[in-house]
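Structural description and commentary
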Amino acid sequence: MAKMIDVARRAGVSIKTVSRVLNNEPHVKDTLRERVRAAAREVGYVPSAPARRLRSRRSYTIHMVSHSHRSNYVNAIQFGAMQTCQDEGYQLVMSLMDDLRDMPMDALKQRFAELIAASRPDGLILVPPLSNDERLFEVLSSFDVPVARVGPNDIPAAQIIVKIDERAAARELTEHLIGLGHRRIAFVRGKEDQNATAERYAGYSEALAAAGIDLDESLVAPGDFNFEAGLDAGHALLERDVPPTAVFAANDDMAAGVLMAAHRMGLEIPRDVSIVGFDDSEIAEKMWPALTTVRQPLLELGHSATRRLIEAASRKTAQPPQGAQLDYSVIHRDSTGPAPAA
């Protein structure tokens, strides 16, 4: 069985350097890190997991906590986190907690005390709505575990926040519709306990105001970030005596529901109504017509959150870990077109 010294000899470095690379310690050049990892693969070196944990005082486990197993958004972030864990010699552990908001504070503390005691993770990843839950922030502040929060966040003391500029993205997407001549643009809101709903609505409102278009509150429909909510909102909006010529749904799942409602009513998209979503999840390309939307780098959000937790676990100084704001793009597909003639 290959040993660490065999890796060092193959890579032409010291055993200490091999150890630093394999333990994902910071301040190692990428070229050197890859050379050592390549040498480890070539000699067939497999580190002993118990020895590695004992030597570094880390568990090499990242724990991701989610509220839903049906969300395309969450699933893509989870896959990005899993890929990074796999590349870095970590394990990703998943927990589904869909009842946290109804829990008394004592029960919430006990739930996370058990979770952390069981897996002793080097870090936790939270996705919306858990990532901006103030009660949960208070609970986790009592544990010595770094937490990465994905998505827009208004918790001032949160350190690792990985997100895009959702307001700017929603504003740009609305401007796209305005540029096509649309003036009656409806908006389907998401869950009200998620900051993304407020940020995307704010971007939509700002774009209308900048174009001199009055915001018509009757064209703003409630939603829940799921297909069924989009279907209900689509019927309510498109069956009006004077329907909107475009609908901005706050995520792709709801946009798919709006699109289904339009199909049921015999409307042609985008001739009769344009529809846009947000996230560029898998469903956006598979629906007909394909959806114009904002592309969030969902895999990269999972990767970035995980990478920062691993860096925090390996850091030997008290310097706090930093978050990141990633780039977005508006993806133009077939669900948008010029506003129909009045």
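Just above, that's the structure.
The text that follows walks through the structure, step by step, so that each part is easy to find.

Calculation rules
Residues numbered from 1 in each chain as written. Predicted model: local features only at pLDDT ≥ 70, side-chain atom pairs only at ≥ 80, totals over all residues. Heavy atoms only, no water. Buried < 20%, exposed > 50% of the residue type's maximum accessible area, 1.4 Å probe, protein only. Helix = DSSP H or I, 4+ residues; strand = E, 2+ residues; numbered from the N terminus. Pairing = 2+ DSSP bridges. Patch = residues over 30% accessible without salt bridge, like charges linked within 9 Å, V, L, I, M, F, W, Y side chains within 5 Å. Areas by Shrake-Rupley, 256 points an atom, 1.4 Å probe, with all protein chains shown as cover. Salt bridge = Lys/Arg side-chain N within 4 Å of Asp/Glu carboxyl O. Axes fitted to C-alpha atoms, helices over the stretch in contact; angles between N-to-C directions. Parallel < 35°, antiparallel > 145°, perpendicular 65-115°, else oblique. Left-handed = near helix turned anticlockwise from the far one by under 90°. Contact = heavy atoms within 4.5 Å. 1 Å grid on protein atoms, 1.4 Å probe; cavity = no way out; pocket = protein on both sides within 12 Å on 5 of 7 lines; lining within 4 Å. Points joined across faces, edges and corners; volume = space filled by probe spheres on them. Nonpolar A, V, L, I, M, F, W, Y, C, P; charged D, E, K, R; others polar.

Brief notes about the pairing of strand S3 (residues 123–126)
Of the two faces of S3, both are covered, the one formed by Gly123 and Ile125 as well as the one formed by Leu124 and Leu126. With four bridges connecting them, strand S1 (residues 61–66) and S3 associate as parallel partners. Among the inter-strand pairings, Ile62 is bridged to a residue of S3, identified as Gly123. Looking at chain direction, S3 and strand S4 (residues 147–150) are connected through three bridges and run parallel. Looking across to S4, one finds that Ile125 is bridged to Ala148.

Points about a nonpolar patch on the surface
Together, Phe79, Met82 and Leu299 make up an exposed nonpolar region whose accessible area comes to about 260 Å². Inspection of the secondary structure assignment puts Leu299 in helix H13 (residues 298–314).

Here we look at the packing of helix H8 (residues 166–179) against helix H9 (residues 195–210)
With their axes 7 Å apart at the nearest point, H8 and H9 run at an angle of 40 degrees to one another. As judged from the angle between their axes, H8 and H9 are oblique. Pair H8 / H9 crosses with right-handed handedness. Contacts between H8 and H9 involve Glu166, Arg167, Ala170, Arg171, Thr174, Glu175 and Ile178 on the former and, on the latter, Ala196, Glu199, Arg200, Ala202, Gly203, Tyr204, Glu206, Ala207 and Leu208.

A look at the layout of surface pockets
In this structure, the second largest pocket occupies an estimated 540 Å³ of space. Forming the boundary of the second largest pocket are 24 residues, of which Ser71, Phe225, Asn226, Asn251 and Asp253 lie nearest the centre. Of all elements in the fold, only helix H5 (72–87), H9, helix H10 (227–238) and helix H11 (252–264) reach the threshold of two or more residues within the lining of the second largest pocket. Broken down by element, the lining of the second largest pocket gets its largest block of residues, three residues, from H5. Taken together, the residues of the lining of the second largest pocket break down into seven nonpolar, eight polar and nine charged.

A short note on the pattern of salt bridges
Following the criterion strictly, the structure yields 18 salt bridges and no others. The salt bridge partner of Asp280 is Arg295, with a shortest N-O separation of 2.6 Å. On the criterion of sequence distance, the pair formed by Asp280 in the loop between strand S9 (274–276) and helix H12 (283–286) and Arg295 in strand S10 (residues 293–295) is long-range, its members being 15 residues apart. Taking relative accessible area as the criterion, Asp280 reaches 14% and is therefore assigned buried. Of the residues examined, Arg295 reaches a relative accessible area of 36% and is grouped as partly exposed. Among the ionic pairs, Glu282 bridges to Lys286, the shortest N-O distance being 2.5 Å. Like Glu282, the residue Lys286 is exposed in the burial classification.

Take it as geometry only, folks, not as evidence of what the structure does.
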